[in-house]
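Structural overview
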Amino acid sequence: MTNLTPLYIDGKRDSRRRYVTSTGEIISRREHAIPLKEMPTGGKRGYYQLQGTYRFHHTKYREHATSTGYSTADDVMHPYESPNYLILRRQAIMNAAARLEGYEWKYIGVVEENWLLW
């Protein structure tokens with residue numbers, strides 16, 4: 001994206017920091033700051049995020065619950081049981097546990113996991 005000019009409204013810089021392309025199209029700050037990466041095959045490259053639904057047990061009240069959690073996004077879809085995959089899984093488990101009421105929830109197991117492509 002070349003020839004971008006900042007958008008001005010009534011002589012002032014746009015509060016949402018948008019830009020105008022050479023064709024007159026208005027684009028967001030995010031579209032300007034984060035261009036999509038091209039893969040060597042010509043496709044678009046995205047980011048992968050692990051999404052999982054996990055089962056928990058509350059030790060005090062003897063209850064079971066399921067919760068969905070997400071890891072941070074990464075540009076590589078790591079193979080199952082690799083060290084980086086296990087780190088992303090741990091992040092998703094901690095995120096799922098944080099969504100539950102209270103603090104004494106213990107992780108039991110995986111209900112399902114999948115990759116989200118951004």
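The paragraphs below set out a description of the structure included in this document.

Observations concerning unusual backbone geometry
Look at Asp10: it is not a glycine, yet its phi comes out positive at around 55°. Topologically, Asp10 is positioned in the loop between β2 (8-9) and β3 (12-13). A relative accessible area of 78% places Asp10 in the exposed class. Although it is not a glycine, Arg62 adopts a positive phi angle of roughly 55°. Positionally, Arg62 belongs in the loop between β8 (48-58) and β9 (63-70).

Points about the sheet that holds strand β4 (residues 19-20)
In space, the 3 strands of this open sheet follow the order β1-β4-β5, with antiparallel pairing throughout. Edge positions in the sheet fall to β1 (5-6) and β5 (26-27), since each has one partner strand and no second. For β1 and β4, the ladder comprises 2 bridges, and the chain directions are antiparallel. From the neighbouring strand, Thr5 faces β4, where its bridge partner is Val20.

A few points about helix α2 (residues 83-98)
Helix length check: α2, at 16 residues, gives a terminal C-alpha distance of 23 Å against a target of 22 Å (1.5 Å per residue), a fit within 8%. Within the sequence span of α2, burial applies to Tyr85, Leu88, Arg89, Ala92, Ile93 and Ala96. Projection of α2 onto a plane perpendicular to its axis shows the buried side chains occupying an angular sector of 140°, all on one side. Within α2, the exposed residues directed more than 90 degrees away from the buried face are Pro83, Met94 and Ala98.

A closer look at the environment of Asn95
The residue Asn95 is located in helix α2 in this model. Linking Asn95 and Ser67, residues 28 residues apart in sequence, is a C-alpha distance of 8.9 Å. Each residue touching Asn95, except ones within four places of it in the same chain, is listed here: Thr68, Gly69 and Tyr70. Of note is the side chain of Asn95, whose polar atom sits 3.1 Å from the backbone nitrogen of Tyr70.

Structural notes on the side chain of Ser67
In this structure, Ser67 sits in strand β9. Judged by its relative accessible area of 7%, Ser67 is buried. At a separation of 2.8 Å, a polar atom in the side chain of Ser67 contacts the main-chain carbonyl oxygen of Ala96. Not counting residues within four places of it along the chain, the set of residues in contact with Ser67 comprises Gly52, Thr53, Tyr54, Phe56, Ala96, Arg99 and Leu100.

Conventions adopted
Numbering of residues starts from 1 in each chain and follows the order in which that chain's sequence is written. Residue-level local features of this predicted model are given only where pLDDT is at least 70; pairs of side-chain atoms are given and counted only at 80 or more, and the full residue set underlies all totals for whole chains, interfaces and linings. In computing side-chain values, all of the structure's heavy atoms are included and hydrogens and water are not. The helix and strand labels rest on DSSP assignments: H or I over at least four residues marks a helix, E over at least two residues marks a strand, and numbering proceeds from the N terminus. Any residue under 20% of the maximum accessible area for its type is buried, any over 50% is exposed, and the rest in between are partly exposed; the area is computed with a 1.4 Å probe on protein chains only. Only strands joined by at least two bridges in the DSSP assignment are considered to pair. Working rule for helices: expected span equals 1.5 Å times residues minus one. By definition, the arc is the one covered by directions from the helix axis to the C-beta atoms. Whether two residues are in contact is decided by their heavy atoms: any pair within 4.5 Å suffices. Counted as a polar contact is a pair of N or O atoms within 3.5 Å, where, for protein atoms, one must be capable of donating a hydrogen and the other of accepting one, and residues adjacent in sequence contribute only when both atoms are in side chains.

Nothing here speaks to function; it is all geometry.
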